Amino acid sequence: MKPTLFLLAAGMGSRYGGLKQLDGLGPNGETIMDYSIYDAIQAGFGKIVWVIRKDFEEQFRTQILAKYEDKIPCELCFQALDSLPVGFNVPEGRVKPWGTNHAVLMGKGVIKEPFCVINCDDFYGRDAFMAIGKFLSELPEDAHDTYAMVGFRCCNTLSENGSVARGVCVYDDKHHLTDVVERTEIMRVDGPICYKDEEGKWIPLEENVPVSMNMWGFTPDYFDHSEAYFKEFLSDPKNMENLKAEFFIPLMVNKLINEGTSTVEVLDTTSKWFGVTYAADRQDTVDRIQKLIDEGIYPNNLF
């Protein structure tokens, strides 16, 4: 069974200042997600699913979906603030969405095969898609609770224009993930890569320590785990009182691996991430895409 690529496209880039998922960065207006989809098709993926906000469905269908519908099966699903389990309501005053794993849950009705979750505004690179595509396509048909994530080398995921947030990964001798620690500020400080700890101190990180870029491989049973845990999340008063509390993918993954329910294999990649975390990243991203085209990695016209 060919795996599905599931793209998270429901968010606005607050630091970037716009709907960066639809920003044309290639020579013919290609978006970052266009390159991800091109790489996924090369890696053997058989379907594309996006989760978006309902209010930009028309723009999305015209600008994005129309490019792919005659090339690969495509579907949309929608993340909404009030997409909650029966018995739960949106707390008064909450306007922020419920986070990445809530967005993933929206795909339950349309994804029945192994799938890879990615962000739309991150450039992952061909090698990363080949690694996760191989893992998912080789799973037996009855596989469950056998997941993967692509662990990017930290040195390949930095921005020259400010700090980045990354999930720093720890794994055992079988390359199974044992922990993901979210570090919200990672950057080079006078040479070495460092993260800022809870006390505001800069702590060195190894150059090649694997970090999560939200490139996960799951089987459909992950939806059931997420549905059950989301109810627990919403039942916790502190998550309802905190109007910015979010149901993140690493939160779900950590629960599953810590209780021994699932395994997550950390896949290495030589791919170099880039993206538009900050507005100042935009020109560098345009230049790097053009360099890949000049090197023959991508055609001038993707589709």
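Further up the page is the structure itself.
How each quantity is defined
- Residues numbered from 1 in each chain as written.
- Predicted model: local features only at pLDDT ≥ 70, side-chain atom pairs only at ≥ 80, totals over all residues.
- Heavy atoms only, no water.
- 1 Å grid on protein atoms, 1.4 Å probe; cavity = no way out; pocket = protein on both sides within 12 Å on 5 of 7 lines; lining within 4 Å.
- Points joined across faces, edges and corners; volume = space filled by probe spheres on them.
- Helix = DSSP H or I, 4+ residues; strand = E, 2+ residues; numbered from the N terminus.
- Nonpolar A, V, L, I, M, F, W, Y, C, P; charged D, E, K, R; others polar.
- Salt bridge = Lys/Arg side-chain N within 4 Å of Asp/Glu carboxyl O.
- Buried < 20%, exposed > 50% of the residue type's maximum accessible area, 1.4 Å probe, protein only.
- Polar contact = N/O pair within 3.5 Å; in protein donor to acceptor, adjacent residues only side chain to side chain.
- Contact = heavy atoms within 4.5 Å.
- Pairing = 2+ DSSP bridges.

Engineer: Account for the layout of surface pockets, naming residues and giving values.
Structural biologist: Quantified by volume, the second largest pocket comes out at close to 330 Å³. Residue assignment for the lining of the second largest pocket shows that the elements contributing at least two residues are α4 (126-137) and α8 (282-294). Tallying contributions element by element places α8 first for the lining of the second largest pocket, with three residues. Split by residue class, the lining of the second largest pocket holds five nonpolar, three polar and six charged.

Engineer: Please provide a residue-by-residue account of the pattern of salt bridges, values included.
Structural biologist: Where charged atoms of side chains with opposite charge meet at close range, the side chains can pair. Taken as a whole and judged by the stated rule, the model has 21 salt bridges. Residues Glu113 and Lys47 are paired through a salt bridge, measuring 3.2 Å at the closest nitrogen-oxygen approach. On the criterion of sequence distance, the pair formed by Glu113 in the loop between α3 (100-105) and β4 (115-119) and Lys47 in strand β2 (residues 47-52) is long-range, its members being 66 residues apart. Across the pair, Lys47 and Glu113 agree in class, each one buried.

Engineer: Provide a residue-level description of the side chain of His102, including the pertinent values.
Structural biologist: Secondary-structure assignment places His102 in helix α3. One polar contact links His102 to Gln79, side chain to side chain, over a distance of 3.0 Å. Contact partners of His102, with chain neighbours within four places excluded, come to Gln79, Ala80, Ser83, Phe230 and Phe247.

Engineer: Break down the pairing of strand β9 (residues 193-196) for me, with residues and values.
Structural biologist: Where strand β8 (residues 177-188) lies against β9, three bridges are found, and the strand directions are antiparallel. Opposite Ile186, over in β9, you have Tyr195 as the bridge partner. Here β8 folds back onto β9 in antiparallel fashion, the turn holding four residues, of which Asp190 has a positive phi close to 55 degrees. Judged from the three bridges that link them, β9 and strand β10 (residues 202-204) form a sheet pairing that is antiparallel. The residue bridging Lys196 from the neighbouring strand is Trp202, located in β10. If you look at the hairpin formed by β9 and β10, you'll find five residues sitting between the two strands, and Gly200 has a positive phi there, around 85 degrees.

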